[in-house]
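Listed here are the chains, written in short residue letters.
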Amino acid sequence: MSGEAPAQALRALLEAGGDAWPGPIEHHGVLGSTNDRLKDWARQGAPALAAVLADVQEAGRGRLGRSWTSPPGNLYLSVLLRPEPGQVGLVPLLGGVATSSALAALGAQVLLKWPNDVLVGERKLAGVLAEASSGARGVEWVVLGIGVNVDPQGALPEHATSLREATGRVISPLAVAAAVLAQIRLWYHALASGRTTDLLAAWRERSIPWWGRLVEARVGDQLIRGIATDIDDEGALLLALPDGRSVRVISGEVSRVRLASGDGAAPRSRSD
Ligand code: BTN
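For clarity, every value in this text was computed on a predicted model and none was experimentally measured. (Residues numbered from 1 in each chain as written. Predicted model: local features only at pLDDT ≥ 70, side-chain atom pairs only at ≥ 80, totals over all residues. Heavy atoms only, no water.)

*Asks:* Would you explain helix H1 (residues 5–16) in this entry?
*Replies:* Owing to its 3.6 residues per turn, the α-helix brings residues three or four apart onto one side. For H1, with twelve residues, the first-to-last C-alpha span of 16 Å sits near the 16 Å given by 1.5 Å per residue. Those residues of H1 that sit buried are Ala7, Leu10 and Leu14. Projection of H1 onto a plane perpendicular to its axis shows the buried side chains occupying an angular sector of 60°, all on one side. Those residues of H1 that are exposed and angled more than 90 degrees off the buried face are Ala5, Glu15 and Ala16. Check the buried side of H1 and you find it contacts strand E1 (25–31), strand E2 (51–57) and helix H5 (173–192). Immediately downstream of H1, the backbone of Gly18 shows phi near 80°, a positive value. (Helix = DSSP H or I, 4+ residues; strand = E, 2+ residues; numbered from the N terminus. Expected span 1.5 Å × (residues − 1). Buried < 20%, exposed > 50% of the residue type's maximum accessible area, 1.4 Å probe, protein only. Arc of directions from axis to C-beta. Contact = heavy atoms within 4.5 Å.)

Structure, rendered in C-alpha cells:
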C-alpha cells in the first residue's frame, strides 16, 4: 500500500532545510525491496532522482547476494541516478559518502569501509546497494539503495548497530531520509559537474585509515591479501601484493588482517 502523507512530509523537511527535492517520491508501508520497486519504475521511464521509501521490506537485499534485515523503525530508501558512462564506478562511493555525511551530521561517529559500509566502531550502521542497468549505450541508470538502522523495532544481526544506540537520540526515519537525500543531491550534482576529485577526497576523508595495512579482499570465492594503498579514480580499491604487483579490486568484501603478535604465527583474519 502506498501513501502520500510520508512523501509530502519528507518533501516538507527537505524544503525547510533549503534542499527542495527535484524528483518524484513514492512511499510504501510495506515493500519487498525499495530497489526492486524503483528498478521497475526506472524501466517504465522514471526520471533521475525518483525516490522510493518504505517502512518495512519483506525481501530487503544487501551486497554480495546477502539479505538485509528490514524491521519497522529503520530507513529503506532507493534513488534513481543517471550518471555519465565514465562515472558509474563512482556511484557506490557516492552512496557511501552521502550516507556517512548525513549520519555524521546527525551525531554518529561513522567511518566508511570500502566501498560503502557505514560503521560505528566495528558495527554496521548503514549499507548501500548500487544496481545498474545497461542498454545499447552502456549503463543507462543506477538504483542506489540505502538502508540505515535508525531505531529498529525488531532484532538486527549481531554485528549491526543503530542510530539510536550510536547517538542516544531518537531520530525519525523521515528526518534521516531528508538528511541522506540532501547529501545525495549534493554529490550527484558534484559528479554531474565533473567534480570527481572532490568526491574521492570526501570518501578518503571518511574512510577507515587502513592505508599501509594488510587487508584481505574476498572477491567471489577468491581471497586476495595485500597492503591497502589507495582507491583509484574509478573507485577501485588498490592492493599491493607481496610480489610487488598492484591489484584493483572492483567489488567484494574487505577486512583487516590482524597478525598474531610477535610470535611468527600464521596471520589470522578477522572479518568485520
Ligand atoms: C549492504 O549489504 O550493506 C547493502 C544494504 C542495502 C540495503 C538497502 S535497504 C533499501 C534498498 N533496498 C534493498 O533491498 N536494499 C537496499
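*Asks:* Just to check I follow, could you spell out empty space enclosed by the protein for this structure?
*Replies:* Picture a little ball the size of a water molecule; that probe, rolled over the atoms, points out where space is still empty. Taken as a whole and judged by the stated rule, the model has one cavity of 30 Å³ or more. In this structure, the largest cavity occupies an estimated 60 Å³ of space. Lining the largest cavity are Leu112, Lys113, Trp114, Trp203, Ser207, Ile208, Trp210, Trp211, Ala228, Leu237 and Val254. (1 Å grid on protein atoms, 1.4 Å probe; cavity = no way out; pocket = protein on both sides within 12 Å on 5 of 7 lines; lining within 4 Å. Points joined across faces, edges and corners; volume = space filled by probe spheres on them.)

*Asks:* For this particular structure, what's the right way to read the packing of helix H3 (residues 91–105) against helix H6 (residues 196–206)?
*Replies:* Where H3 meets H6, the closest approach of the two axes is 10 Å, and the angle between their N-to-C directions is 55°. When the axis of H3 is compared with that of H6, the two are oblique. The crossing of H3 and H6 is left-handed. Side by side, H3 and H6 meet where Leu93, Leu94, Val97, Ser100, Ser101 and Ala104 of the first sit next to Leu199, Leu200, Ala202, Trp203 and Arg206 of the second. Class assignment for the residues of the contact of H3 with H6 results in eight nonpolar, two polar and one charged. (Axes fitted to C-alpha atoms, helices over the stretch in contact; angles between N-to-C directions. Parallel < 35°, antiparallel > 145°, perpendicular 65-115°, else oblique. Left-handed = near helix turned anticlockwise from the far one by under 90°. Nonpolar A, V, L, I, M, F, W, Y, C, P; charged D, E, K, R; others polar.)

*Asks:* In this structure, what is going on with the layout of surface pockets? I would like to understand it.
*Replies:* There is about 530 Å³ of room inside the largest pocket. The wall of the largest pocket is formed by 31 residues, among which Gly62, Arg63, Ser67, Trp68 and Lys124 lie closest to the centre. Top element by residues in the lining of the largest pocket is strand E6 (residues 123–135). It accounts for four residues. Looking at the lining of the largest pocket residue by residue, the classes come out as nine nonpolar, 14 polar and eight charged. Approximately 450 Å³ is the volume attributed to the second largest pocket. Around the second largest pocket, the lining comprises 25 residues; the ones closest to its centre are Val88, Gly89, Pro92, Ile250 and Ser251. Listed by contribution, the elements that provide at least two residues to the lining of the second largest pocket are H3 and E6. Split into classes, the residues belonging to the lining of the second largest pocket amount to 15 nonpolar, six polar and four charged.

*Asks:* It is not clear to me how the site of the ligand should be interpreted in this structure. Could you clarify?
*Replies:* Surrounding the ligand, one finds 20 residues, the nearest of these being Ser33, Gln57, Arg61, Arg63 and Lys124. Taking Thr34, its side chain carries an N or O atom lying 3.1 Å from a nitrogen atom of the ligand. For the ligand, whose unbound accessible area comes to 420 Å², protein coverage reaches 98%. According to the grid-proximity analysis, the pocket containing the ligand is the largest pocket. When residues of the shell around the ligand are traced back to their parent elements, those giving at least two are helix H2 (34–43), strand E3 (75–81), E6 and strand E7 (138–148). Partitioning the shell around the ligand into residue classes produces six nonpolar, ten polar and four charged. (Near = heavy atom within 4 Å. Polar contact = N/O pair within 3.5 Å; in protein donor to acceptor, adjacent residues only side chain to side chain. Areas by Shrake-Rupley, 256 points an atom, 1.4 Å probe, with all protein chains shown as cover. Sits in = over half its atoms within 2 Å of the grid points.)

*Asks:* What am I meant to see in the side chain of Asp151 here?
*Replies:* Tracing the backbone shows Asp151 in the loop between E7 and helix H4 (163–167). Reaching out from Asp151, the side chain makes a polar contact with the side chain of Arg164 at a distance of 3.3 Å. With residues up to four places along the chain from it excluded, the contact list for Asp151 reads Pro72, Gly73, Asn74, Arg164 and Val170.

*Asks:* How do you make sense of the pairing of E2 when you look at a structure like this?
*Replies:* Looking along a regular strand, one sees the side chains alternate between the two faces of the sheet. A large share of E2 lies buried, amounting to six of its seven residues. For E2 and E3, the ladder comprises four bridges, and the chain directions are antiparallel. Directly across from Val52, in E3, lies its bridge partner Ser78. (Pairing = 2+ DSSP bridges.)

*Asks:* Which parts of the structure should I look at to understand the environment of Arg245?
*Replies:* As for its placement among the helices and strands, Arg245 is situated in the loop between strand E10 (237–240) and strand E11 (246–249). With 19 residues separating them in the primary sequence, Arg245 and Gly226 have C-alpha atoms 9.6 Å apart. For Arg245, the residues in contact, after removing those within four places along its chain, are Leu239 and Ala240.

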